[in-house]
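Chain residues, written in single-letter form:
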Amino acid sequence: MKFKLFILTCLLIVFAHKSNAQLSFGDPVKINNNWQFHLGDCDALKADTSTSWKTLDLPHDWSSEGELSPSLASCTGYLPGGTGWYKKELEIPENKAGKKIYLYFEGVYNHSEVYINGHLLGKRPNGYVSFAYDATPFIHFGSKNTIAVRVDHSKSADSRWYTGSGIYRNVWLIYANPLHFTQWGITCETKESNTKEAFLQIKSGIENNSKSLANLTLNIRLINKDGKIVANKSDKMAIASETHKTDTIDLKIENPALWNLDRPYLYTLEVSIKQDNKILDQTTLPVGIRNFTFDPNKGFTLNGQWMKLKGVCIHHDAGVLGAAVPKEVWERRLTTLKQMGCNAIRLSHNPQAPELYDLCDKLGFLVMDEAFDEWESPKRKWLTGWNNGTPGYEGSYEFFNEWSERDLQDMICRDRNHPSIFAWSIGNEVDYPNDPYTHPILNGATINQPMYGGYMPDHPAAERLGAIAKRLASIVKKYDTSRPVTAALAGVIMSNETEYPSALDITGYNYTENRYAQDHQKYPTRVIFGSENGQGFNEWKSVKDNDYIFGQFLWSGIDYLGEAGTWPSRGLGTGLLDFAGFMKPWAYFRQSLWSSTPMIYIGTQRISKTKATGDPWHVWNYSTGDSVRVVCFTNTAKAQLFVNGKVIGNKQVYNDQTGIITWDIAYQNGKLEAVGYDKSDNPACRDSIITAQAPYAIIAKPNKNTLNADQDLAQIEIQVVDKNNNPVTLAENEITCQTSSNVKYLGMEAGNNRDMTNYKSSKRKTFHGRLLCYIESQNKKGKAVIKFTSPGLLSAKTEIEIR
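Numbering of residues starts from 1 in each chain and follows the order in which that chain's sequence is written. pLDDT decides what is reported in this predicted model: residues at 70 or higher carry local features, side-chain atom pairs at 80 or more are listed and counted, and totals for whole chains, interfaces and linings draw on all residues regardless. Derived side-chain values reflect all non-hydrogen atoms in the structure, with water molecules and hydrogen atoms excluded from consideration.

1. A few points about the overall build of the protein chain
Alright, step 1. Each helix is a run of H or I in the DSSP string that is no shorter than four residues. Each strand is a run of E no shorter than two, and both are numbered from the N terminus. What the protein chain contains, in helices and strands, is nine helices and 47 strands.
Alright, step 2. We compute the radius of gyration over the C-alpha atoms and compare it with the globule rule, which gives 2.2 Å times the number of residues raised to the power 0.38. In terms of C-alpha radius of gyration, the protein chain reaches 27 Å, essentially the compact-globule figure of 28 Å for 803 residues.
Alright, step 3. Note on classification: 1.4 Å probe, protein chains only; a residue is buried when its accessible area is under 20% of the maximum for its type, exposed when over 50%, partly exposed between these limits. Expressed as a percentage of the 803 residues in the protein chain, the buried residues total 61%.
Alright, step 4. For this analysis, residues touch if any pair of their heavy atoms sits within 4.5 Å. Nonlocal contacts in the protein chain, meaning residues at least 24 apart in sequence, comprise 68% of its contacts between residues at least 6 apart.
Alright, step 5. A total of about 30,300 Å² of accessible surface is found on the protein chain, and carbon and sulfur atoms cover 47% of it. Throughout, the Shrake-Rupley method with a 1.4 Å probe supplies accessible areas, and for residues the shown protein chains are the sole cover considered.

Laid out in structure tokens, this is it:
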């Protein structure tokens, strides 16, 4: 369905019921602890004493534990894949007989097979979707039960970026009565909303697995943050034996608090079903109320306010942690992006961990949820460096035709209740010219990315794109009509010759700012936005200066593994944040463009033969008399530079043509400082760098001093300093981490794309003088001691209480 003015008014809910089990029914128990793992294939369904197993906790990514090697594929970060087995024994109490028993996996990469007591429950080739199985028929109540999971990632170069391998997200055991809510079966949206009133519609799917007719009462309550019930309603219903039914209830809320980016207000929705006054199932769901509008001429509104989406694209890994990324890591990363002025996230190019969506709801981000990177035909997977050598062609296309409808359905049903999600993307760059689709218009044409020649008649015809897009869009609309269908187009010039764009409600352009104006004129009803963009000033001006372009998504928000260059290279270093989540210099430039809070940053570059080279890091260490360019990123009206308290030149006015202020000066030791001034010439912010002396000591700063006992995470920032406690940004000292036995060392990340050290090594060199260390609790209470040492430096010790 194509909209001239696409208006959406929807209330959305976050599935956070009982420890974020995400299924909206039953009593979930997280079962991450004490699994057995074997790397390699074996007959895990039979007793085999010759097979070696190790005990570990989930989430687990075995690829990140492997050795990096130039003999492995660059596309997946020079890390191994393979096949692995997981096993776990569970005692199911006898008093649970009569209950339904489900196993829920948030993500297994990939080609998983799940068994219970030797019986196959199901297979799932897609490594990013969440899935559940009914294990009830094979459960031994009152005794031990064995879960076994086979994971086949033997086709390890099956992605253009790092995927990881294994059960890399949470696993849950669900106890439920025979009569319970259906999986992802509760939805809630508004028909109208403003600050005076909102009209909500809650749909509750209920299934009756019993042998008799069930007469039920459905109860719904909406509760605000103060614990006050703001709306409630009940409904009586009857469900026949072994059937399911959906009930609809409408609520009216007076003076609702709307969910927005600055105040992401979440209500609590309580939903329960009773029979004979006994609760059979209940769930509690956070609720965010908001509405939005898309207009081809004016852009985007949230709750009636016109705004620009200042977005970034992110992949799902976190450097040395691989794909098994704790929620706390994402919260730190997202908080940093928020402080930069970022307000939108594109989840590239697959469904991601449920916890990440919860955080976006909580912190106030708009999210573009994406399903596929390739459709029925493979893309190039670079094996010896990005765009280098001969590519491979393994990939998810192998199961697309069989599984795409189910995978897309499950993504939407799992995620549709998150207020942060504003659009469903059915594909990323599936129209990349000749990778694989082609069209005669490519003869003589160019795009703003590497291109693989003109029309290739032996390749799939681009006309296929329209048919597939229509099919996928219809699936989206079957399960959610409250958001637009979109996709990220790379070959817009080719796709315009097909029905692909017309199958979409809003159209994402990747690196195609040069077509904004002409396509806006040629296709006046098309809503256009930048779905993937470079980080230049002109790319931002294309959004800022044109009402009809509602936003951009920079590639990328954070450095990610895979899509690496020639060895040594871990990934593509285009992120505003590095692997450790530290801001890189150009992140401050983006902050100067996106943030409304006064800020200023200075970095420096050496001038050689009149040319400044290198990124402007926070460094003030050169030789006396060296020519140095001081680069200033600020959102203030003017900036002034000082060296050792003395003014250097005149105040410079903000440069509207580049967004950057620079000074070329002769270096001298001491303090370099810049001050930003507002329009009234009052100081608004300042930044300074002090010449660092030789590395002298290590400073360790944990983000928290207490941890919960069960898999809580501490993130410890390590900084090398001189004897005056000034950061030594040029330091590359090797740090060794030692921990007490009551915590688990997960790794240290420096953000260096060329550091090919094993990810689980307890030694790592600092990069720009710093590291981030990850420490996880292991159900052992008491005081944990973490020590950091390096030859020639004063060591650091931090103590964390485990409760």
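2. Considering the environment of Asp-626
Alright, step 1. Counting through the fold element by element, Asp-626 comes out in the loop between β32 (611–617) and β33 (627–634).
Alright, step 2. With 19 residues separating them along the chain, Asp-626 and Ile-607 place their C-alpha atoms 7.9 Å apart.
Alright, step 3. Dropping the residues within four chain positions of it, Asp-626 is found in contact with Arg-606, Ile-665, Ala-666 and Tyr-667.

3. Let's talk about unusual backbone geometry
Alright, step 1. At the junction of Ser-348 and His-349, the peptide bond is cis and its omega measures out at -15° in the coordinates.
Alright, step 2. Tracing the backbone shows His-349 in the loop between β22 (344–347) and α3 (354–363).
Alright, step 3. The omega angle of the peptide bond from Trp-555 to Ser-556 is -5°, so this bond is cis rather than trans.
Alright, step 4. With respect to the helices and strands, the residue Ser-556 is situated in the loop between β28 (549–554) and β29 (560–561).
Alright, step 5. For Tyr-511, which is not glycine, the phi dihedral falls at a positive 55°.
Alright, step 6. For Tyr-511, the location among the structural elements is in the loop between β26 (507–510) and α7 (516–522).
Alright, step 7. Tyr-511 sits in the buried class, given a relative accessible area of 17%.
Alright, step 8. Its identity is not glycine, yet Asp-681 carries a phi of approximately 70°, on the positive side.
Alright, step 9. Along the chain, Asp-681 turns up in the loop between β37 (671–677) and β38 (683–690).

4. Re the pattern of salt bridges
Alright, step 1. Note on definitions: salt bridges are taken to be side-chain nitrogens of Lys or Arg within 4 Å of carboxyl oxygens of Asp or Glu. Enumeration over the complete set of coordinates arrives at 45 salt bridges.
Alright, step 2. Residue Asp-152 pairs with Arg-150 through a salt bridge whose shortest N-O separation is 3.8 Å.
Alright, step 3. Put simply, Lys-381 and Glu-374 hold a salt bridge, and the shortest N to O gap is 3.0 Å.
Alright, step 4. Under the relative-accessibility criterion, Lys-381 is labelled buried at 2%.
Alright, step 5. Via salt bridges that share partners, Asp-41, Glu-113, Arg-150 and Asp-152 belong to a single interconnected network.

5. A word on the sheet that holds strand β16 (residues 243–254)
Alright, step 1. When DSSP locates at least two bridges between a pair of strands, those strands are taken to pair. One open sheet holds the three strands; their spatial order is β12-β13-β16, and the pairing between them is antiparallel. With partners counted over all chains shown, the strands left at the sheet margins are β12 (179–193) and β16, one partner each. On average, each strand axis in the sheet is tilted by 15° relative to the strand beside it, whichever way the strands run.
Alright, step 2. Judged from the 10 bridges that link them, β12 and strand β13 (residues 197–208) form a sheet pairing that is antiparallel. Bridging from a neighbouring strand, His-180 pairs with Glu-207 of β13. An axis is simply a line fitted to the C-alpha atoms; with a helix, the fit covers only the stretch in contact. Between two such axes, the angle follows the N-to-C directions and lies from 0 to 180 degrees.

6. Here's the deal with the packing of aromatic side chains
Alright, step 1. Stacked, edge-to-face and tilted are the three classes for Phe, Tyr and Trp ring pairs, Trp counted by its six-membered ring, which pair at centre distances within 6.5 Å; planes under 30 degrees apart are stacked, over 60 edge-to-face, the rest tilted. In total, this model carries 38 aromatic pairs according to the counting rule given.
Alright, step 2. Plain terms: the ring middles of Phe-292 and Phe-294 are 5.7 Å apart, the flat faces sit at 75° to each other, and that makes the pair edge-to-face. The same class applies to Phe-292 as to Phe-294, namely buried.
Alright, step 3. Judged by centre distance (6.1 Å) and plane angle (50°), the ring pair of Tyr-509 and Tyr-516 falls under tilted.

7. A word on the side chain of Gln-605
Alright, step 1. By the element assignment, Gln-605 lies in strand β31 (residues 600–608).
Alright, step 2. For Gln-605, a relative accessible area of 12% gives the class buried.
Alright, step 3. Ignoring any residue separated from it by four or fewer positions in sequence, one finds Gln-605 in contact with Ala-612, Thr-613, Gly-614, Asp-615, Pro-616, Tyr-622, Ser-627, Val-628, Arg-629 and Val-631.

8. Some details on the packing of helix α2 (residues 327–339) against α3
Alright, step 1. Running from amino to carboxyl end, α2 crosses α3 at an angle of 35°, the nearest separation of the two axes being 10 Å. The way α2 lies across α3 gives a crossing that is right-handed. Contacts between α2 and α3 involve Lys-327, Trp-330, Glu-331, Leu-334, Thr-335 and Lys-338 from the first element and Glu-355, Leu-356, Leu-359, Cys-360, Lys-362 and Leu-363 from the second.
Alright, step 2. The residue classification treats Ala, Val, Leu, Ile, Met, Phe, Trp, Tyr, Cys and Pro as nonpolar and Asp, Glu, Lys and Arg as charged. All others, Gly included, are polar. Taken together, the residues that form the contact of α2 with α3 break down as six nonpolar, one polar and five charged. Left-handed is the label given to a crossing in which the near helix is rotated counterclockwise from the far helix by less than a right angle, and right-handed is the label when the rotation is clockwise.

9. Points about the sheet that holds strand β45 (residues 770–778)
Whether parallel or antiparallel, the strands of a sheet pair through hydrogen bonds between backbone atoms.
Alright, step 1. Taken together, the four strands give an open sheet; going across it, the order is β39-β41-β45-β43, and neighbouring strands pair in antiparallel fashion. Looking at the sheet topology across the chains shown, the edges are occupied by β39 (697–702) and β43 (743–749). With direction set aside, neighbouring strand axes in the sheet form an average angle of 25°.
Alright, step 2. As paired strands, β39 and strand β41 (residues 710–721) are joined by six bridges and run antiparallel to one another. Within the sheet, the bridge partner assigned to Ala-697 lies in β41 and is Val-721.

10. Quick word on the nonpolar core
Alright, step 1. Counting 156 residues, the largest nonpolar core has Leu-337, Ile-345, Trp-375, Leu-408, Phe-422 and Ile-426 as the members making the most contacts within it.
Alright, step 2. In terms of residues, this core owes the most to one element, helix α5 (residues 463–479), which gives eight residues.
Alright, step 3. Sequence-distant contacts of Phe-422, that is, excluding residues within four places in its chain, are made with Arg-290, Phe-292, Phe-294, Leu-309, Leu-366, Val-367, Met-368, Arg-483, Pro-484, Ile-506, Phe-550 and Phe-553. In these notes, a set of buried Ala, Val, Leu, Ile, Met, Phe, Trp, Tyr and Cys residues joined through side-chain atoms within 4.5 Å is what counts as a nonpolar core.

11. Re helix α8 (residues 537–544)
Alright, step 1. Restricting attention to buried positions, one finds in α8 the residues Phe-537, Trp-540, Ser-542 and Val-543.
Alright, step 2. Those residues of α8 that are buried lie in contact with β21 (309–314), α7, β28 and α9 (585–594).

12. Considering the side chain of Ser-425
Alright, step 1. When you line up the elements, Ser-425 lands in strand β24 (residues 421–428).
Alright, step 2. As used in this structure description, the phrase polar contact means that two N or O atoms lie within 3.5 Å; if the pair is within protein, one of them must be able to donate a hydrogen and the other to accept it, and residues adjacent in sequence are counted only when both atoms belong to side chains. A distance of 2.7 Å separates polar atoms of two side chains, one belonging to Ser-425 and the other to Glu-370.
Alright, step 3. Residues contacting Ser-425, with those up to four places away along its chain left out, are Met-368, Asp-369, Glu-370, Ala-371, Thr-486, Ala-487 and Ala-488.

13. Observations concerning the state of the cysteines
Alright, step 1. A pair of cysteine sulfur atoms is labelled a disulfide when the two atoms are within 2.5 Å. According to the stated counting rule, one finds zero disulfides in the structure shown.
Alright, step 2. Among the cysteines around Cys-632, which has no disulfide bond, Cys-685 carries the closest sulfur, lying 8.4 Å off.

14. A word on the pairing of strand β10 (residues 143–153)
Alright, step 1. For strand β5 (residues 82–92) and β10, the ladder comprises 11 bridges, and the chain directions are antiparallel. Residue pairing for β10: Lys-88 is matched across the bridge by Ile-147.
Alright, step 2. Where strand β7 (residues 112–116) lies against β10, five bridges are found, and the strand directions are antiparallel. Paired with Glu-113 across the two strands is Arg-150, which belongs to β10.

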